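Observations on the three-dimensional arrangement
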Amino acid sequence: MKLLAAFRASRRQPWLQVAKSAISTILAWLVAGALFPAHLPVFAAIAALLVVQPSLNQSVAKAIERSVGVVAGVVVASALALAFGQTTWVILVAIAAALLIAWLLKMTTGTSNQVAISALLVLGLGAATPSYAVDRVLETIIGAVIGFLVNLALVPPVALLPASRAVDGLGDEIAASLERLSGALAAPQTPQQLEELMITARLMRPMVVSADAALTAAAESLTLNPRGRRRRDELERLEATLRRFSPIVTQVIGMTRAVYDRHDDGLAAEPAVRAIAEQLRRAAHDVRRATRRAVADPAEPPTESLPALTAPLAIGVPASEHWILIGFLLEDLRRIHEALSDDPAP
């Protein structure tokens, strides 16, 4: 199974991505073949294939990487071939020299490999002449441009839906964790229940990481995308919501840990604890409210509800064995309230 995992993905790439790669490669081969009929347009086809990426921003980066690598590789191969001919040892030296030059210039791994591959192809397939080198560079540029244009023309992908789902799921889990914590404060808990409460709360951390990665991919998909301008407001709402939710996750996990460490059967009898439990349920309401506002379609805004964390909380003097826990919960509750406020305090 580990061997299969080395070359198999967890899911197939979108069929549209496969279609765009095939179309761009075929077009690049036909166009470059018509312009440079003396040689097979291998460089153009490879460039077009590599340039078609999930986002236009990545396509531009790959086009630059590919073009720079080809130019450097062609220059190295042509210089060595003109000086020493096209023997086997020259090809081997050209590969080593290409990798060394790329290393000295601090090129990326992809660019470094492209320099070596281009040098190998020039010496292995072509005639090492200045005109051949220039033709291969132009051929590569043509392939890269065709790959970018095909990626631009055929429905540029926008990855906002996965980001919206990730933020929505995180908000639901934060609200559920607040409600579970409220229930743990309102009634005695067994050690097993407290353990489950702690484990479940900690699962929010990877959800924050996943949501952040999804938003990064969404921002990448909007860069240079003609469809991105009208969707940027949606992305900004999701990013702002994640900035709100990230510290709340930390606070909820901290509150859960405090309850896990300091829970006892007499805790639920404290009036202050019952009041905090009620505030946690209100906080869960406000988290869901923030989630609805973040993922709503502007054309059909959701029915607004007032924030629930609005009434002041009066706390009496707790029992001596509970005051540390209650003070800890109150401070984190204040921070959650501040994070959920429409106009948070500086």
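Our subject is the structure that appears above.
Quick notes on the overall build of the protein
When helices and strands are tallied, the protein shows 13 helices and zero strands. When the elements of the protein are put in sequence order from the N terminus, they spell out α-α-α-α-α-α-α-α-α-α-α-α-α. Within the span of the protein, comprising 346 residues, buried residues form 41% of the whole. Restricting the contact set of the protein to residue pairs at least 6 apart, pairs at least 24 apart contribute 79%. When the accessible surface of the protein is split by element, carbon and sulfur atoms take 64% of a total near 18500 Å².

Quick look at the packing of helix α8 (residues 160–186) against helix α11 (residues 232–262)
Between α8 and α11, the shortest axis-to-axis distance is 10 Å and the interhelical angle comes to 25°. Between α8 and α11, the crossing angle belongs to the class labelled roughly parallel. For the pair α8 and α11, the sense of crossing is left-handed. Contacts between α8 and α11 involve Leu-160, Ala-163, Ser-164, Val-167, Leu-170, Gly-171, Ile-174, Ser-177, Leu-178, Leu-181 and Leu-185 from the former and Glu-234, Leu-235, Leu-238, Thr-241, Leu-242, Phe-245, Ile-248, Val-249, Val-252, Met-255, Thr-256 and Val-259 from the latter. The residue makeup of the contact of α8 with α11, split by class, is 17 nonpolar, five polar and one charged.

Here we look at a nonpolar patch on the surface
Taken together, the side chains of Leu-100, Ile-101, Trp-103, Leu-104 and Leu-105 define a hydrophobic patch exposed on the protein surface, amounting to about 560 Å² of accessible area. As for its position among the elements, Trp-103 is in helix α5 (residues 88–104). Among the residues examined, Trp-103 registers a relative accessible area of 63% and is labelled exposed.

A word on the packing of aromatic side chains
Taken as a whole and assessed by the stated rule, the structure comprises one aromatic pair. Looking at Arg-136, its charged tip hangs above the ring of Phe-36, at a distance of 5.9 Å from the centre.

Some remarks on unusual backbone geometry
At Lys-106, a position not held by glycine, the phi torsion is positive, near 55°. Positionally, Lys-106 belongs in the loop between α5 and α6 (109–125).

Basis of the calculations
- Residues numbered from 1 in each chain as written.
- Predicted model: local features only at pLDDT ≥ 70, side-chain atom pairs only at ≥ 80, totals over all residues.
- Heavy atoms only, no water.
- Helix = DSSP H or I, 4+ residues; strand = E, 2+ residues; numbered from the N terminus.
- Buried < 20%, exposed > 50% of the residue type's maximum accessible area, 1.4 Å probe, protein only.
- Contact = heavy atoms within 4.5 Å.
- Areas by Shrake-Rupley, 256 points an atom, 1.4 Å probe, with all protein chains shown as cover.
- Axes fitted to C-alpha atoms, helices over the stretch in contact; angles between N-to-C directions.
- Parallel < 35°, antiparallel > 145°, perpendicular 65-115°, else oblique.
- Left-handed = near helix turned anticlockwise from the far one by under 90°.
- Nonpolar A, V, L, I, M, F, W, Y, C, P; charged D, E, K, R; others polar.
- Patch = residues over 30% accessible without salt bridge, like charges linked within 9 Å, V, L, I, M, F, W, Y side chains within 5 Å.
- Salt bridge = Lys/Arg side-chain N within 4 Å of Asp/Glu carboxyl O.
- Phe/Tyr/Trp six-rings, centres within 6.5 Å; stacked < 30°, edge-to-face > 60°.
- Lys NZ or Arg CZ within 6 Å of the ring centre and 35° of its normal.

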